[in-house]
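Report on the structure
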Amino acid sequence: MRICQVSTITAVLILFLATALFGQPAREKRNFDAGWKFHLGEVHGAEFISFNDSEWRSLDLPHDWSIEGEFSREFASGQGYLPGGIGWYRKTFELPENIKGKRIQLLFDGVYQNSEVWINGEYLGKRPFGFISFSYDLTEHLNYGDTPNVVAVKVDHTNFADARWYTGSGITRQVWLKVLNPVHLGQWGTFIRTPEVTGDEAVVRVTTTVVNDSDEEQTVEVRSSIEDPGSEIGETEDEITIPPNSKRKVDQEFKVNNPDLWSTENPHLYSHVSEIRRDGELSDRQETRFGVRTYRFDAQEGFFLNGQSMLIKGVCLHNDAGSMGSAVPVQEWRDRLVLMKEMGANAIRTSHNPPAPELLDLADEMGFLVMNEAFDEWEIGKKKWIQGWNVGQEEGAAGLTKYYSQHGYSDFFEEWAKRDIQDFVRRDRNHPSVIMWSIGNEVDYPNDPYTDPYRDEYQPWRPSGYNVTEIARKLYDYVKEIDPTRPITAAVANTPLANKTGYAAVLDVVGYNYQEEYYEDDHKQFPDRKIIGSENGDSYEAWLTVKNNDYIPGQFLWTGVDYMGEAGRFPNRSSGSGLVSLSNEKKPGFYFRQSLWSDEPMVYIAAVDPSEEGPWADIESHWNWEEYRGDEVEVIAYSNAEEVELFLDGESQGVRRTADADNHILRWKVSYEPGKLHAVARNGSREVATYELITTGEPSQIVLNPNRSTIRANGKDISSVQVLVTDKDGAVVPSAENMINFELDGAGKNIGVGSSNHNSLEPYKADHRKVYQGKARIVIQSNGEKGTINLRATSEGLAPAEVTIVSN
């Protein structure tokens, strides 16, 4: 298959397959992201092949139009005050004559929201849920040869206040075109399990679904093999007969001697190869990665992976990435997971929706456990924030009347929940990283939407909390029908009610959201219950409930990274609950968690803002407090070493022992003088880590730090460039707010500028950005060509900076 351009067609994909029906290649799966046309707004007739889209914008997918919009208080705080609307996408392509008789399918990894798809004017269907993957068979409506085809997609996110966090709008995930023979493997039709695993031997069971889309009965051989990199471990073959226009499942089993077990420290992956042969010729072939591992939750002893007890150190991650919105390049996910690994995390929760497939691929490769979550609401919608935290649309002089949007996935739940959750499980069930299916997040939240008759604020007009139990049973059965091997959980918000209604009893593992106070009593009352912290604050006390109780296997912090939406009053448009900022800057909480979770020796120091008092005073990563010269400034340190000694310009400020620290935080009172604040961490007498803060001078220059100086010329790879304003000695100036202007040329494009400022209303898609606390970021993406990418940054009064990135 190759891509070429035809001058009379805006975006053309021509498939050249050199062989006839049932010949090689047996299966073609090509990325379909390039060369689309886009129009924001309703258009009549855009589904038809004759429609003229020449004036539409040309772009490549994935694409999120909301992140391109202007922030405005007329939109919803839940969505980060960014617009929704209706968008249309069209792509024109041609197919060669020699693939007539093949099955042509189009696979969408995710379209937010309410997508409708046409091919050559023929309606294929609608998929409301914006986070689910789905496909259509185009075969019966296609043209071949010189006659073009047009696929049209309408995306309707008119109800922009349909979620409690930022979702984005558009074809926000990748699209794939598949060319198959009439007898082929089913979509997500391979299911691999490892039910018996020891150090000496592993049993691998495979169920393969084979589809016969022809009008004749077909007899085929189903061959399965397991491969380790560079070698084949074993194979088996079965002959089956499939009636016309039907499908059959085949069960096969392997034994792997001395398996290399998948774990968070050793994420080893095998490949399972499925082949379908008809009359000796290859009809289909597909590789599926999997891991050999075993795990279990124990009501008394916690969690075991491959027979070894371990603590689950998890973070919740939302679907967006700041300036890129919900159209997130895979390298951005990798960069974020690298940060989570550095912090000591070994697990992620996909809050609160099915993730992009590439995120789970990375979890498999990098060694993360995953709580894979399906829904944030069920058949009745939750309150969606409009004008700030827990604030609807206010009316009246006193602002006392509040109207919340309750529309969202609940509008489609009754019709689509079974299909959505089963497709979700089918798609993701071969990932060794996935250890739990979560059927919902906080659907039982008191009075939002279900009532709690056991609370003082009982609201009897709301639906009964017992409804949650009935729905949970159905969802449980839907999941087990597709994957009986993994435990099912949910993030429960109201465990006292869940205990009374039976909701908690439905679950294999009960997730507790911010309810550490109930762990001990519930463990005594329900000794067979398996409990996990499904959403937790980052306090030391919350961690101690895990560390000091064997029956609590772990926690998932809210959140690993800041995210768009779930915002406060305008202009606040994003949540700062993460341990890493929207621009991937480490925050003080990152280092605190690293001191608890990581085995790598570390120390970090910061100052408590002397202008603030109390436990909520800001922690600042700088030593610029000129207005407090001579006054005492509190300095804190986080470390996993035995002791830390603090120095100011070489003079010791004292030694603090970690074992004596209150809440694992070391503290000093230091009389402020400008200079170098330096911390030395020791185990015994051995120095194991250092950290320093330096008083900076005035802003003098721009510094550009790309995290990758070479990227792939594939139109998708990125380099994340940190933009710093420093003094003449290269130290970041924390008070700097300079406007930085960017110039870019060569084989790349700017796909987003941003900073860690949650109140900035600057556009993300721009060639300029103010630094915040001396820092900003620009993300450079390959444009598909090989060559150099030259980035220049300028600002009035500052020395400019240039950097070159190679795309090859």
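Just so it is clear, the structure is predicted and the values come from calculations on it, not from any experiment.

Turning our eyes to something else, we now look at the nonpolar core. If you look at the biggest cluster of nonpolar residues, it comprises 133 residues, and the most contacted ones within it are Y89, F108, L138, F375, W378, I439 and Y503. Ignoring sequence-local partners within four residues, the contact set of I439 consists of F375, W378, I421, A472, L475, V479, I488, T489, A490 and L507.

This brings us to the sheet that holds strand β37 (residues 651–657). Strand order in this open sheet of four strands is β37-β36-β39-β40, and the pairing throughout is antiparallel. Two strands in the sheet have a free side with no partner beyond their single neighbour: β37 and β40 (686–694). The sheet shows a mean angle of 20° between the axes of neighbouring strands, direction not considered. Taken together, the six bridges between strand β36 (residues 643–648) and β37 define a ladder with antiparallel strand orientation. Opposite L648, over in β37, you have E651 as the bridge partner.

We now examine the packing of helix α3 (residues 410–428) against helix α4 (residues 466–482). At their nearest, the axes of α3 and α4 sit 9 Å apart, and the two run at 35° to each other. Pair α3 / α4 crosses with right-handed handedness. Residue-level inspection shows F413, A417, K418, I421, Q422, V425 and R426 of α3 in contact with α4, the latter providing I471, L475, Y478, V479, E481 and I482. Broken down by class, the residue content of the contact of α3 with α4 amounts to nine nonpolar, one polar and three charged.

With that settled, consider the sheet that holds strand β2 (residues 36–40). Read across the sheet, six strands follow the order β3-β2-β4-β9-β6-β7 without closing on themselves; strand pairing throughout is antiparallel. The sheet is open, and its two borders are formed by β3 (57–59) and β7 (122–127), each paired with just one other strand. The mean angle between the axes of side-by-side strands here comes to 25°, regardless of whether they run parallel or antiparallel. Pairing analysis gives five bridges linking strand β6 (residues 115–119) to strand β9 (residues 149–157), with the strands arranged antiparallel. Within β9, the residue paired with E116 across the bridge is K154.

Turning next to the pattern of salt bridges. Close approach of charged atoms allows side chains of opposite charge to pair. What the rule picks out here adds up to 55 salt bridges. The salt bridge partner of E626 is R629, with a shortest N-O separation of 2.9 Å. Judged by its relative accessible area of 43%, R629 falls in the partly exposed class. The shortest N-O distance in the salt bridge between R657 and E643 comes to 3.8 Å. Taken as a pair, R657 in strand β37 and E643 in strand β36 lie far apart in primary sequence, 14 residues in all. A residue is classified by how much of its surface remains accessible, and R657, at 41% relative accessible area, is partly exposed. Taken together, the shared-partner salt bridges connect R223, E232, E235, E275, R277, R285 and E287 into one network.

We now examine unusual backbone geometry. A cis amide bond, omega 15°, links Y112 with the succeeding residue Q113. The peptide bond linking W558 to T559 adopts the cis configuration, its omega dihedral lying at -5°. By secondary structure assignment, the location of T559 is in the loop between β30 (554–557) and β31 (563–564). For N447, which is not glycine, the phi dihedral falls at a positive 65°. As for its position among the elements, N447 is in the loop between β26 (434–441) and α4. Despite not being glycine, H664 shows a phi value in the positive range, around 65°. As for its placement among the helices and strands, H664 is situated in the loop between β37 and β38 (666–671). The class for H664 is buried, based on a relative accessible area of 13%.

All right, on to the pairing of strand β19 (residues 302–305) then. Here strand β18 (residues 295–298) pairs with β19 via four bridges, running antiparallel. Across the sheet, the residue bridging to R296 is F304, located in β19. The antiparallel hairpin formed by β18 and β19 contains three residues in its connecting segment. As defined by bridge partners, β19 adjoins strand β20 (residues 308–310) across three bridges and the pair is classed as antiparallel. In the strand pairing of β20, F304 is matched with S309.

Before going further, it helps to spend a moment on α4. An α-helix turns once per 3.6 residues; consequently, residues spaced three or four apart project the same way. With 17 residues, α4 extends 26 Å from end C-alpha to end C-alpha; this agrees with the ideal 24 Å at 1.5 Å per step. Within α4 the residues assigned to the buried category are V468, T469, I471, A472, L475, Y476, V479 and I482. Buried positions in α4, seen along its axis, are confined to an arc of 165° and lie on one side of it. Exposed residues pointing more than 90 degrees away from the buried face of α4 are listed as K474 and E481.

Looking now at helix α9 (residues 588–597). A large share of α9 lies buried, amounting to nine of its 10 residues. Among the residues of α9, P588, F590, Y591, F592, R593, Q594, S595, L596 and W597 are the ones counted as buried.

Moving on to the side chain of D452. Along the chain, the position of D452 falls in the loop between β26 and α4. A polar contact is formed between the side chain of D452 and the backbone nitrogen of Y454, at a distance of 2.9 Å. Only 3.0 Å separates the side chain of D452 from the side chain of R455, close enough to count as a polar contact. In contact with D452, other than residues within four places in its own chain, are N447, Y458, N494 and L497.

Thresholds applied
- Residues numbered from 1 in each chain as written.
- Predicted model: local features only at pLDDT ≥ 70, side-chain atom pairs only at ≥ 80, totals over all residues.
- Heavy atoms only, no water.
- Core = buried A, V, L, I, M, F, W, Y, C linked by side-chain atoms within 4.5 Å.
- Buried < 20%, exposed > 50% of the residue type's maximum accessible area, 1.4 Å probe, protein only.
- Contact = heavy atoms within 4.5 Å.
- Pairing = 2+ DSSP bridges.
- Helix = DSSP H or I, 4+ residues; strand = E, 2+ residues; numbered from the N terminus.
- Axes fitted to C-alpha atoms, helices over the stretch in contact; angles between N-to-C directions.
- Left-handed = near helix turned anticlockwise from the far one by under 90°.
- Nonpolar A, V, L, I, M, F, W, Y, C, P; charged D, E, K, R; others polar.
- Salt bridge = Lys/Arg side-chain N within 4 Å of Asp/Glu carboxyl O.
- Expected span 1.5 Å × (residues − 1).
- Arc of directions from axis to C-beta.
- Polar contact = N/O pair within 3.5 Å; in protein donor to acceptor, adjacent residues only side chain to side chain.

Taken by themselves, the reported measurements are silent on function.
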